[in-house]
Amino acid sequence: MTSKSLPYSMKDLHYDNAKFRHRSFTRVILPSLLYSNLKKRDCMICSTGKFLILLMIFGLAYLLVTHSSAPHSISDGKAKGMNSNDIEKVNTNSNSKLSRFWRKPPRLPPRLSPDEKGSNSNKTQMQGTDSKWIERQQKVKDAFIHGWSGYKRYSMGYDELMPLSQRGVDGLGGLGATVVDALDTAMIMGVDEVVSDAGFWIESELSNRISKKGQVNLFETTIRVLGGLLSAYHLSGGEQGSNLMHKGPKPLVYLEAARNLADRLLLAFTSSPTSIPFSDVVLHTPSAHRSPDGMSSTSEVSTLQLEFNYLSMVSGDPKYSIEAMKVLEHMRNLPKVEGLVPIYISPDSGQFRGENIRLGSRGDSYYEYLIKVWLQQRTGQDSNHTYLYDMYEEAMKGVKHLLVQKSIPNGLVFVGELPYGSSGGFSPKMDHLVCFLPGTLALGATKGITKEKAMKDNLLKFEDLENLKLAEDLAHTCFQMYSVTSTGLAPEIAYFHTEDYGEGGLDAGNKNSKFVDDIIIKLADRHNLLRPETVESLFVLYRITEDTKYREWGWQIFEAFEKHTKVDSGGYTSLDDVTMVPPRRRDKMETFFLGETLKYLYLLFGDSSVLPLDKFVFNSEAHPFPVKSTRSSEFSIQSFI
């Protein structure tokens, strides 16, 4: 049984280190004298006890008075000619006696936990890790400069570079697509020379080309050229009314070119009898036209909204956003298969055509923009776009139910196709384009913040966690599509070995890969176009999960690009066959290699505070736009170069 009064308070004990904590004489004796529950014969109530207490008090006072007189003795010593050494001895000796009397026993240092013991070594290791990724980021920047140097030398002003032939080609309407596509990458990397070259080319050449060129595709021109101009406008400080880059033309040049182009592209919307736009526009007429078969691609008509919305935000003219958002509002009410949609839609009837359902070409970015447009618009005061998130959630449920399967023998998770709709057979075919999906799933799960923060704030539903797990599984599969080949680069299309499907003699070439029997690459699908989708998803997943394996995977992919696609005279080239070493080359550097692939790799290896995913959305061509609530100077290019 515990005594009613203890010799010292329990609050003085700290059990993590109590047994090493020595107690002073006064902290033990005085409480006993003052608070012990003694009877009347206790010395505290007798005259003898009082006398002893008084004697102790006078003794302490005497010691203090004696100690305080020491400085006068030293002063006197100085007057009598004592040297400094003598004075120091007197001072030391007089102080040391008293200090020895009053000195507390030394406290042992507190014990450190294993985590705390390792913190210093972790800091050193972290510094080394940071240095590694800074060096790797610089390698990506060097690659961008090398790619641009070839383009500038041999094809400046053309849409694309043919690096082996050392000439340019116009395959996208002749608007200098590589110039505009690469501009914001140069801004983000801080490559001032490229910013200047590209910016002044746009100022002197682009408006003239917009007014004189012929037919362009609505989708490709919007995501590459319009998107690039608008991103450059923001990153150069356009919304603040000044050029924060100090390179290139005034930001207003980019905005004026964007409006000039968008006014002509609007004809694709306003010329159509329904809310679904035509696929092509003739710029110099200007006029809009259907594709030869009369159909528009589902992904193309639904991948215009980020760009037109942002143009309305910065121009103050709502007409761009109104026309673009009519498409999604119309598609909201069309029949779907568990949220999934066919890859063609008619601008004349406004209805889907055919039954082919896939997340590859002509279907992919429909699903991407559902969540991204919602993220862009959700914070506005007049926002009423929750239907987009509902459409996204329904579609992802449909993907998991109808399109996701596992390969044999090693269980790679992949997304297949339904060429004949839900009532037809399943095809284990997966385009490289589908590798956008891991990033989209992760973005939809956490809305751009880290998984750790989302978990801490209790923001993740069970379905979000399920989607995030699927994102990581699919990213692993996308990476294996690279590592399974002889070159370490992915094919355009892969098939997966399943219980119902398999073909012999079509492996990817890397016999050391665990998954060589899971992935099938047909002869016609072995080319690589320098595509960005996998590194895009690695970038998003690293930002959200903070798992460094995504950086390591990205580095392996970059090294393979450097080894097999780099052209010594300048530029990078597509490949004909990734299963052969050395691979046959195709002689084309797509605009998205500088505009997307290298941009995402650079951001993957860099600081996560640059273009944070809860403040910016990237369009389908990797051009970043601020979300509605963050259109301010704190997110300008000045803040993250």
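Conventions we followed
- Residues numbered from 1 in each chain as written.
- Predicted model: local features only at pLDDT ≥ 70, side-chain atom pairs only at ≥ 80, totals over all residues.
- Heavy atoms only, no water.
- UniProt positions renumbered as here; feature names shortened; annotations may be inferred.
- Disulfide = S-S within 2.5 Å.
- Helix = DSSP H or I, 4+ residues; strand = E, 2+ residues; numbered from the N terminus.
- Buried < 20%, exposed > 50% of the residue type's maximum accessible area, 1.4 Å probe, protein only.
- Contact = heavy atoms within 4.5 Å.
- Salt bridge = Lys/Arg side-chain N within 4 Å of Asp/Glu carboxyl O.
- Phe/Tyr/Trp six-rings, centres within 6.5 Å; stacked < 30°, edge-to-face > 60°.
- Lys NZ or Arg CZ within 6 Å of the ring centre and 35° of its normal.
- 1 Å grid on protein atoms, 1.4 Å probe; cavity = no way out; pocket = protein on both sides within 12 Å on 5 of 7 lines; lining within 4 Å.
- Points joined across faces, edges and corners; volume = space filled by probe spheres on them.
- Nonpolar A, V, L, I, M, F, W, Y, C, P; charged D, E, K, R; others polar.
- Axes fitted to C-alpha atoms, helices over the stretch in contact; angles between N-to-C directions.
- Parallel < 35°, antiparallel > 145°, perpendicular 65-115°, else oblique.
- Left-handed = near helix turned anticlockwise from the far one by under 90°.

By the naming in an unreviewed UniProt entry, the protein chain is alpha-1,2-Mannosidase, taken from Rhizophora mucronata. Taken from UniProt, the Sequence similarities (unreviewed entry) comment for the protein chain reads in full: "Belongs to the glycosyl hydrolase 47 family." Under the heading Pathway (unreviewed entry), UniProt records this for the protein chain: "Protein modification; protein glycosylation."

Examining the state of the cysteines
Under the defined criterion, the tally for this structure stands at one disulfide. With its sulfur 2.1 Å from that of its partner, Cys 435 forms a disulfide with Cys 478. With the S-S bond torsion at -100°, the cross-link from Cys 435 to Cys 478 turns out left-handed. With Cys 435 in the loop between strand S11 (429-431) and helix H17 (437-446) and Cys 478 in helix H19 (residues 462-483), this residue pair connects regions lying 43 residues apart in the sequence. Neither residue differs from the other here; Cys 435 and Cys 478 are each classed as buried.

Looking at the environment of Gln 215
Structurally, Gln 215 is set in strand S3 (residues 215-217). Separated by 70 residues in sequence, Gln 215 and Thr 285 have C-alpha atoms that sit 9.5 Å apart. Not counting residues within four places of it along the chain, the set of residues in contact with Gln 215 comprises Gly 173, Asp 280, Val 281 and Val 282.

Side note on the pattern of salt bridges
For the structure on display, the rule yields 26 salt bridges. Note that Asp 348 and Arg 290 form a salt bridge whose closest N and O atoms lie 2.8 Å from each other. Highlighted residues: Asp 348 in the loop between strand S7 (344-345) and strand S8 (352-353) and Arg 290 in the loop between strand S5 (287-289) and strand S6 (296-297), separated in sequence by 58 residues. According to the relative accessible area criterion, Arg 290 is partly exposed, its value standing at 40%. The network of salt bridges with common partners includes Arg 259, Asp 263, Asp 317 and Lys 319.

With respect to unusual backbone geometry
The residue after Ile 408, namely Pro 409, is reached through a cis peptide bond having omega 10°. Structurally, Pro 409 can be placed in the loop between strand S9 (404-406) and strand S10 (413-415). A cis geometry characterises the amide bond from Val 581 onward to Pro 582, with omega recorded as -5°. Of note, Pro 582 is situated in the loop between helix H21 (549-565) and helix H22 (591-604). For Glu 338, which is not glycine, the phi torsion reads 50° and is therefore positive. Note on placement: Glu 338 falls in the loop between helix H14 (319-332) and S7. The backbone of Ala 622 shows a phi angle near 70°, a positive value even though the residue is not glycine. Mapped onto the secondary structure, Ala 622 falls in the loop between strand S14 (616-618) and strand S15 (624-626).

Digging into the packing of aromatic side chains
The relative placement of two aromatic rings is captured by the distance of their centres and the angle of their planes. All told, the structure shown has 20 aromatic pairs when counted by the stated rule. Each residue in the set Trp 133, Trp 555, Phe 558 and Phe 605 is aromatic and connected to the rest through ring pairs, giving one cluster. The ring of Trp 133 carries Arg 136 above its face, with NZ or CZ at 4.7 Å from the centroid. A cation over a ring is seen here: Lys 522 above Tyr 495, with NZ or CZ 4.1 Å from the ring centre.

A few points about empty space enclosed by the protein
In the structure shown here, the tally under the stated rule is two cavities of 30 Å³ or more. Around the largest cavity, the lining residues are Lys 372, Gly 439, Thr 440, Leu 443, Glu 536, Phe 539, Val 540, Tyr 600, Leu 613, Phe 616, Val 617 and Phe 618. The set of elements that each furnish at least two residues to the lining of the largest cavity consists of H17, helix H20 (533-545) and S14. Per-class residue counts for the lining of the largest cavity are eight nonpolar, two polar and two charged. The calculated volume of the second largest cavity comes to roughly 30 Å³.

A look at the environment of Ser 299
In this structure, Ser 299 sits in helix H12 (residues 298-301). On the basis of relative accessible area, Ser 299 is assigned to the buried category, the value being 3%. The spatial distance from the C-alpha of Ser 299 to the C-alpha of Ile 343 is 7.1 Å, given a sequence separation of 44 residues. Contacts of Ser 299, omitting those with residues within four sequence positions, involve Phe 219, Arg 362, Gly 363, Asp 364, Ser 365 and Tyr 366.

Details of the packing of H17 against H20
Here H17 crosses H20 at 30°, and the two axes come no closer than 7 Å. The pairing of H17 with H20 is recorded here as roughly parallel in orientation. As for how H17 packs across H20, the hand of that crossing is left-handed. For the pair H17 and H20, contact is made by Leu 437, Pro 438, Gly 439, Ala 442, Leu 443 and Thr 446 and by Ser 537, Val 540, Leu 541 and Ile 544, respectively.

Structural notes on the UniProt feature "active site" (unreviewed entry) in the protein chain
The UniProt record annotates "active site" (unreviewed entry) at Glu 220, Asp 364, Glu 492 and Glu 533. Residues that both appear in the annotated list above and line the largest pocket are Glu 220, Asp 364 and Glu 533. Within the secondary structure, Asp 364 sits in helix H15 (residues 364-377). In contact with Asp 364, not counting residues within four places along its chain, are Ser 299, Leu 359, Leu 433 and Phe 436. Secondary-structure assignment places Glu 492 in the loop between H19 and strand S12 (493-496).

With respect to the layout of surface pockets
Its boundaries defined by the atoms lining it, the largest pocket holds a volume of some 550 Å³. In terms of residue count, the dominant contributor to the lining of the largest pocket is helix H9 (residues 218-235) (four residues). In terms of residue class, the lining of the largest pocket is built from seven nonpolar, six polar and 14 charged.

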